[in-house]
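What follows is the residue order along each chain.
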2 protein chains.
Amino acid sequence: MSSDIILNATIMGLGMHLGAWRHRSGSPSDYLDINYYREVAQLAESGRLHALFLADTLAVSEENFERPNLGAMDPTAVLGALAAVTSRIGLVATASTSFNEPFNLARRIASLDHLSRGRAAWNIVTTFIPDVAANFGKGPLPPHAERYAKAEEFVDVVTELWDSWDEDALVGNKASGLFADRSRVNAVNHDGRFFSVRGPNTLPRSPQGRPILYQAGSSEEGRALAARTADVVFAVQNTLASAIAFRKDLRDRAAREGRDPDSLKILPGLVPIIGGTEREAQDRKSALDDLAGDAELRKLASRVGVPASDLSLDKPLPIDRIKANDKFNASRGFQAAAIQLGASENLTVREILYRNGGGHPQVVGTPEQVADFIESWHRAGAADGFNLMIDELPSGLRAFVDEVVPLLQRRGVFQSDYRGDTLRSNLGLRNPHDSLRNYEQRRSHYA
Amino acid sequence: MSSDIILNATIMGLGMHLGAWRHRSGSPSDYLDINYYREVAQLAESGRLHALFLADTLAVSEENFERPNLGAMDPTAVLGALAAVTSRIGLVATASTSFNEPFNLARRIASLDHLSRGRAAWNIVTTFIPDVAANFGKGPLPPHAERYAKAEEFVDVVTELWDSWDEDALVGNKASGLFADRSRVNAVNHDGRFFSVRGPNTLPRSPQGRPILYQAGSSEEGRALAARTADVVFAVQNTLASAIAFRKDLRDRAAREGRDPDSLKILPGLVPIIGGTEREAQDRKSALDDLAGDAELRKLASRVGVPASDLSLDKPLPIDRIKANDKFNASRGFQAAAIQLGASENLTVREILYRNGGGHPQVVGTPEQVADFIESWHRAGAADGFNLMIDELPSGLRAFVDEVVPLLQRRGVFQSDYRGDTLRSNLGLRNPHDSLRNYEQRRSHYA
């Protein structure tokens, strides 16, 4: 049990594959239905997965009208509901630092953390989709560096608010009438470049100290932010070599920040498409692909930043045209991962689409093949675990829980039961208040 | 069943009375616990109450350290959890128009509406507590009129977003691959004084058309906003005469806006303190009062806008000193209600504290006396129902559900079962899209 693999299940619409809503047996409106989320969550928990991960987008873009879009439902509302019908699995809510107020977000995630008894996490994103900006004013999306400068300050304010009640500040002595020890609750008095927030938070600390921080950016600024603040990094890595290098880079950066590198968990995305035989898995993928039409090709085109008409299925990616696009302001992690995968084995666009499931590595095969991939990347130091981007829900998750999880458990690399009651304990992370020195140094930024 | 009384249960901390946390049998930290909320919600639903109402404050003020504060937990997170463990009762989330983004709030409440299958409502408040402003920047709380101007535009943007998907826009035809009918989803392109929001919303319409709108301000601007936009008004009325006048005024205003006055439901707050005999009820109140110390006196002082030292228990309210306070920027509804109650029968501060439970009328008595109060106000045209501010939770709610609800049902003035599946149908309100004319007129404000 020494270095258990960490596994999260991502809920994106009705599945990661763009053809999922047509292929699955339920209603296309299930993505609005509490019973759908309950079924997926309880299935993941029955498989002892560490957490449920909800992505988010604060806009409905044109291509989202073709299928249930991943940002349709507010993640905190969905995870609030799931807190009531699960008891051990973590609940990870994505939320943007560009289009929220730190006080509101800190309080909302802390509320979720109490309601779930210490199972909440916030996945920090800065938002790279231009359509979103138009829902929050007249200005364009801020440039990449500006977004990350704001994100950095935002995260600091949020953690300061989460820490604003000392450990035993909630006294609750009914006999004496002392409810809270006022001297152990402190204003944060944050006064920075982007935010001015007095605090304190409205809530005491949660059972896990404070919510877990996920971070999902792979750019230089994203890595710096993760190394300094994150507990978990949701990575986009398509080759074993680049994943090893990425994880090493982040661990080195964490060490330079004075952190134990083991306190930073790196989870690449992974799309498993599972069949009883390899042929069955390929048939499942083909059926999904047929129903998606050219949507996966268009998604790859937008990931790398060229029009879909610039891509030919039987040719490699047009690297020159990609590099010539100096207006690229989307996810650099997704772009780099696709280019790297294509270059590593001189793959055609068709081959990239087979190996790269909407941006993440994709394993089309038997439960053994999926387990082998997970175990081999973990053993090679490429991953502390994976964010599973299930092709179609709930069927793909059921196959994973029923077929892959028992294999990993038998190999002794995945937990047979939850280690503890909080997400923090299940991730093997320490309470952040055990060593506040580094955090105090950060506060001095704004002094 | 013709004019059923509407009853909501408000969850404020561990009860409305400031001594509740010391008097009740559970843990003082129950206000953070999902099981506490589940118990209260399921109890209210077993009594066929129409909705659960969660107040909110985006700050922890000094007096909040003396007890569980009403804005500790984010209402949408709590109500998300309750959506999963209830099936018929409405879920009303208070949220401020001064410190949220309309796009985020519209999406979050709409998500709650889908998760609950049409049981969500938003209670519109503009925020009158100065401490809140300091959590959102350096400026002070905007003046009253400015807050309401912003609230008015905020509400329009939110309803525009809720209406941005036409009724059948979600097609979901798996065979043809048509997910949404793009021509039936429209950008809102709102460009106003305070907000610029393109839209559309990320979600189709909910089972009740759109979430219900509650409004809780009683000032001139608050009434105008309610008459134009609200489905339900949460009122502060301490005398029968003023409540009749208030309800008539709002119904007249609604009629002048071209609305059916019956489409606007007026619910004053009501604090029932229930005992098997009147003496038992008085003993319950005394026990709660003893545990609250002078907290109720200080709360009354802040409601009317003078220091607590200006109040003497055996004298009337110092009207001259109250009027001399030209800096008053808090709730005018609470202030007027307390002054009116005191003047109506020349009451002392002690008598006001007995009749006015933290701002709202208070009935200390038997189930019959509580039922009589409710029925008489309803028959007199003073109320379409009440927002019950339960003294202590869950015990006070259990007494109400077990003892008062059956009386009202036997008298034929309260529902024996829910009429429908959505909050809208249970309130007897029509789908707003049946008559969009008035709404279209409002949109032209910003054209």
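Residues numbered from 1 in each chain as written. Chains lettered and ligands numbered in written order. Predicted model: local features only at pLDDT ≥ 70, side-chain atom pairs only at ≥ 80, totals over all residues. Heavy atoms only, no water.

Novice: Summarise helix α3 (residues 75-85) of chain B; cite the residues concerned and give the values.
Specialist: Within α3 of chain B, 11 of the 11 residues are buried, leaving the element largely enclosed by the surrounding structure. Residues of α3 of chain B that are buried include every one of Pro75, Thr76, Ala77, Val78, Leu79, Gly80, Ala81, Leu82, Ala83, Ala84 and Val85 of chain B, and no others. (Buried < 20%, exposed > 50% of the residue type's maximum accessible area, 1.4 Å probe, protein only. Helix = DSSP H or I, 4+ residues; strand = E, 2+ residues; numbered from the N terminus.)

Novice: Run through the packing of aromatic side chains, naming residues and quoting values.
Specialist: The final tally for this structure, using the stated rule, is 30 aromatic pairs over all chains. With centroids separated by 5.1 Å and ring planes inclined at 65°, the aromatic side chains of Phe179 of chain A and Trp21 of chain B adopt a geometry described as edge-to-face. Note that Phe179 of chain A is positioned in strand β6 (residues 178-180) and Trp21 of chain B in helix α1 (residues 20-23), a pairing that runs across two chains. Aromatic rings pair up to connect Trp122, Phe154, Trp162, Phe194 and Phe195 of chain A into one cluster. Directly above the aromatic system of Phe334 of chain A lies the positively charged group of Arg303 of chain A, at a separation of 3.5 Å from the ring centroid. (Phe/Tyr/Trp six-rings, centres within 6.5 Å; stacked < 30°, edge-to-face > 60°. Lys NZ or Arg CZ within 6 Å of the ring centre and 35° of its normal.)

Novice: An account of the side chain of Asp113 of chain A is needed here, citing residue identities and associated values.
Specialist: Residues and elements named next belong to chain A. Here Asp113 is to be found in helix α4 (residues 102-115). Buried and without a salt bridge, Asp113 has Arg424 as its closest oppositely charged side chain, separated by 6.7 Å. Once you skip the residues sitting within four places of it in the chain, Asp113 turns out to touch Gly118, Arg119, Ala120, Ser206, Pro207, Gln208, Arg210 and Pro211. (Lys, Arg positive; Asp, Glu negative; His and termini not counted. Salt bridge = Lys/Arg side-chain N within 4 Å of Asp/Glu carboxyl O. Contact = heavy atoms within 4.5 Å.)

Novice: Report on the pattern of salt bridges, specifying residues and quantitative values.
Specialist: Throughout the structure, instances matching the rule amount to 66 salt bridges over all chains. Two residues, Glu220 of chain A and Arg253 of chain A, come together in a salt bridge whose shortest N-O distance is 3.0 Å. In this pair, Glu220 of chain A is assigned in helix α7 (residues 220-229) and Arg253 of chain A in helix α8 (residues 240-256), connecting sequence segments 33 residues apart. The network of salt bridges with common partners includes Asp56 and Asp74 of chain A together with Arg107 and Arg108 of chain B.

Novice: I'd like to hear about the interface of chain B and chain A, residue by residue, with values.
Specialist: Counting residues at the interface gives 79 residues for chain B, matched by 79 residues for chain A. For the chain B and chain A pair, buried surface summed over both sides reaches about 6300 Å², with 56% attributable to carbon and sulfur atoms. Taken as a group, Phe65, Lys174 and Phe179 of chain B account for 13% of the area that chain B buries against chain A, more than any other trio of residues on that side. On inspection of chain B and its partner chain A, the count reaches 12 salt bridges. The residue Asp33 of chain A makes a salt bridge to Arg117 of chain B at a minimum N-O spacing of 2.8 Å. Summed over the shared surface of chain B and chain A, the number is 35 residue pairs in polar contact (both at pLDDT 80 or more). Those elements that provide at least two residues to the side of chain B that touches chain A are α1, α2 (34-46), α3, α4 (102-115), β5 (170-173), β6 (178-180) and β8 (196-197) of chain B. With 9 residues, α3 of chain B is the single largest residue contributor to the side of chain B that touches chain A. Tallied by class, the residues present in the side of chain B that touches chain A amount to 36 nonpolar, 24 polar and 19 charged. (Buried area = accessible area lost by both parts, 1.4 Å probe. Polar contact = N/O pair within 3.5 Å; in protein donor to acceptor, adjacent residues only side chain to side chain. Nonpolar A, V, L, I, M, F, W, Y, C, P; charged D, E, K, R; others polar.)

Note that all results are geometric; they support no functional claim without further evidence.
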